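# Breakdown of the fold
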Amino acid sequence: MSETESTTTPQDGEVVNTFRTLKDLINFASSKNILKGMAEMGESGIAEALPFPFLALVGQNEMKLALMLGLVNPNVGGVLLVGPRGTGKTTAVRSLLELLPNVERSTCYYGCTPEDVESGGIDAICPECAQKYAEGKSLTAPDRVRLVELPLNSRLEDVVGGIDDRAAIHERMRVRRGILAQADRNLLYIDEINLLSDEVMDAILDAAAQGTYTVRRGPVSATYRARFVLIGSMNPEEGKLRPQILDRFGLRLIVRGLEDAAERLEAYRRVQAYLTNPRAMIANYTEESGQAAAEIQEARKRLRSVGIPDKLATKAIHLIQNMGIDSLRAEITWFEAARAYTAADGRTQVSPTDLNAVAPMCLRLRRSSFMTEYFKDQAGEEEEMQGLLKKLQ
Ligand SMILES: [Zn+2]
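Residues numbered from 1 in each chain as written. Predicted model: local features only at pLDDT ≥ 70, side-chain atom pairs only at ≥ 80, totals over all residues.

We now examine the overall build of the protein chain. Along its length, the protein chain carries 16 helices and 11 strands. Within the protein chain, the proportion of its 393 residues that are buried is 37%. For the protein chain, the share of sequence-separated contacts (at least 6 apart) that also reach a separation of at least 24 residues comes to 79%. (Helix = DSSP H or I, 4+ residues; strand = E, 2+ residues; numbered from the N terminus. Buried ≥ 20, exposed ≤ 12 C-beta atoms within 10 Å, placed from the backbone. Contact = placed C-beta atoms within 7 Å.)

Core analysis: the largest hydrophobic core is formed by 83 residues, its most contacted members being Leu69, Leu180, Leu251, Ala337 and Val358. Of the residues forming this core, the biggest block, 9 residues, is contributed by helix α14 (residues 329-344). Of the residues that make up this core, three or more belong to each of domain 1 (22-302) and domain 2 (305-369). In this structure, Cys112, Ile125, Cys126 and Leu139 belong to the second largest nonpolar core, which totals 5 residues. (Core = buried A, V, L, I, M, F, W, Y, C linked by C-beta atoms within 7 Å. Domains from an automatic or database assignment.)

Turning to the environment of Val145, a few remarks are in order. Mapped onto the elements, Val145 comes out in the loop between β3 (140-144) and β4 (147-149). Separated by 40 residues in the primary sequence, Val145 and Arg105 have C-alpha atoms spaced 9.1 Å apart. Residues within four places of Val145 in sequence aside, it is in contact with Leu100, Pro101, Val103, Arg185, Asn186 and Leu187.

Turning our eyes to something else, we now look at the pairing of strand β7 (residues 187-190). Where burial is concerned, the two faces of β7 agree: the one with Leu187 and Tyr189 and the one with Leu188 and Ile190 are both buried. The pairing of β4 with β7 spans 3 bridges and is parallel. When the sheet's bridge partners are listed, Leu147 is paired in β7 with Leu187. One ladder, built from 4 bridges, connects β7 with strand β10 (residues 229-234); its direction is parallel. Bridge assignment links Leu188 to a residue of β10, and that residue is Leu230. (Pairing = 2+ DSSP bridges.)

With that out of the way, let us pick up the confidence of the model for the protein chain. Taken over all residues, the pLDDT of the protein chain has a mean of 83, while the share at 70 or more is 83%. Across the protein chain, the element-wise mean pLDDT spans from 63 in helix α1 (residues 22-31) up to 96 in α14. Note on residues 33-48: pLDDT under 50 across the span, and 28 contacts to partners over four residues away in sequence or across chains. (pLDDT = per-residue confidence, 0-100.)

Of all residues except glycine, most have a negative phi; of all peptide bonds, most are trans. For Gln60, which is not glycine, the phi dihedral falls at a positive 50°. Following the sequence through the fold, Gln60 ends up in the loop between α1 and α2 (61-72). For Gln60, a count of 26 C-beta atoms within 10 Å gives the class buried. The backbone phi angle of Arg185 is positive, close to 60°, even though this residue is not glycine.

On to the packing of helix α13 (residues 310-322) against α14, then. Two elements in contact, α13 and α14, have axes separated by 10 Å at closest approach and are oriented at 135°. For the element pair α13 / α14, the angle class is oblique. Of the two possible hands of crossing, α13 and α14 adopt the one that is right-handed. Where α13 abuts α14, its residues Ala313, Ala316, Ile317 and Ile320 lie against Ala330, Glu331, Trp334 and Phe335. Of the residues that constitute the contact of α13 with α14, the class distribution is 7 nonpolar, no polar and 1 charged. (Axes fitted to C-alpha atoms, helices over the stretch in contact; angles between N-to-C directions. Parallel < 35°, antiparallel > 145°, perpendicular 65-115°, else oblique. Left-handed = near helix turned anticlockwise from the far one by under 90°. Nonpolar A, V, L, I, M, F, W, Y, C, P; charged D, E, K, R; others polar.)

Once that is clear, we can look at the sheet that holds strand β1 (residues 79-82). Spatially, the 5 strands line up as an open sheet ordered β4-β7-β10-β1-β11, and their pairing is parallel. What marks the edges here is a single partner per strand, and that holds for β4 and β11 (251-254). Between one strand axis and the next, the sheet turns by 20° as a mean value, whatever way the strands run. The strands touched by α2 are β1, β10 and β11; relative to β11, the strand with the most contacts, the crossing angle is about 160°.

A few words on the pairing of strand β9 (residues 220-225). Looking at chain direction, strand β8 (residues 212-217) and β9 are connected through 6 bridges and run antiparallel. When the sheet's bridge partners are listed, Arg217 is paired in β9 with Val220. Where β8 folds back onto β9 in an antiparallel hairpin, the turn is made up of 2 residues, including Gly218, whose phi is positive at roughly 55°.

Let's shift gears to the environment of Tyr110. Looking at the element boundaries, Tyr110 is found in the loop between β2 (102-106) and α4 (114-120). Residue classification places Tyr110 among the partly exposed positions, given that 19 C-beta atoms sit within 10 Å. Remark: the alpha-carbon pair of Tyr110 and Cys129, spanning 19 residues in sequence, is separated by 9.4 Å.

Moving on: helix α12 (residues 286-303). Here α12 spans 26 Å end to end across 18 residues, near enough to the 26 Å set by a 1.5 Å rise per residue. Of the positions making up α12, those classed as buried are Glu288, Ser289, Ala292, Glu295, Ile296, Ala299 and Arg300. One side of α12 carries all its buried residues, which in axial view fall inside an arc of 140°. What points out from α12, more than 90 degrees from its buried face, is the exposed set Thr286, Glu287, Gly290 and Lys301. (Expected span 1.5 Å × (residues − 1). Arc of directions from axis to C-beta.)

Here it is in structure tokens:
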């Protein structure tokens, strides 16, 4: 084991107690030599229940940054990971599990919250919660953000929920919660998002944009909160994503394989260590993961007081216009991502550097790639047609 030195190994005995920025954290993660201090190997465990540690992912810094920005500020509008298989997209998403912050969540199966009473009156919540509410008891409790994975082949009914005709009389109880309601205040991960049916995709995107959705059948209806961070991944070899869907993802990452041979070797060694003894591997990162989770929670709190000066925002909008980007979602995402980045850095005013740091992931693939492709295809067809027409003469 001792000859497994990587070029970026930190000094022996170095103790890193705090991460000032997400960048520090990511840099630290990429340079830690996990094989030092590994407990004895031998025992194997269940990989699914023990996700690969986020901080043990080698390279892919932009992807890691984007995922963390999504945890700090859900308003970045989702994260899309585009790249071939085997580049660690799904591993990275699942590894977020140990970094997830806490949120206030309904303790009721039907998802009743105090906001439901404020907007719809006491009848908007189930009788049990109405009782609690009247007694001044809390309907929510702090709970960890969860990672909800949309199963492949999910039908619309699974996603939005349906009406259960045999269930109790109270309106709220006649509606089965769908995956979207379960995703409220969580992360919703969709692998191979480009293979999802249009109707399911549209329902998810609408709910994501509005933060709520309503299930209706005849006189029965129920509205659910669905405030989630959507994370999608896709392999472009397996089908295109409709341009209107692409536009609705805030952060867009092109994920390629690691280019540096030394990094690939380090990645292999970490995977190997993980497969050999996942518990020992994870234990080696527990302390740092805990710190990172606390940093993210702090940044979420600080986010509220982070602002972007008008002058800087105006300049940024000019840049977007000069790039020929029409969608207003470009600046929304850009500013929200920059605010998250600033918050994670412990400051409250967005600077040009913050905007620069997140710009590529917010602005790429926005310049109507569809239209560009469309015109290119069109030009090809035109040429072919002209060639054929010449033969006619
Ligand atoms: Zn309830």
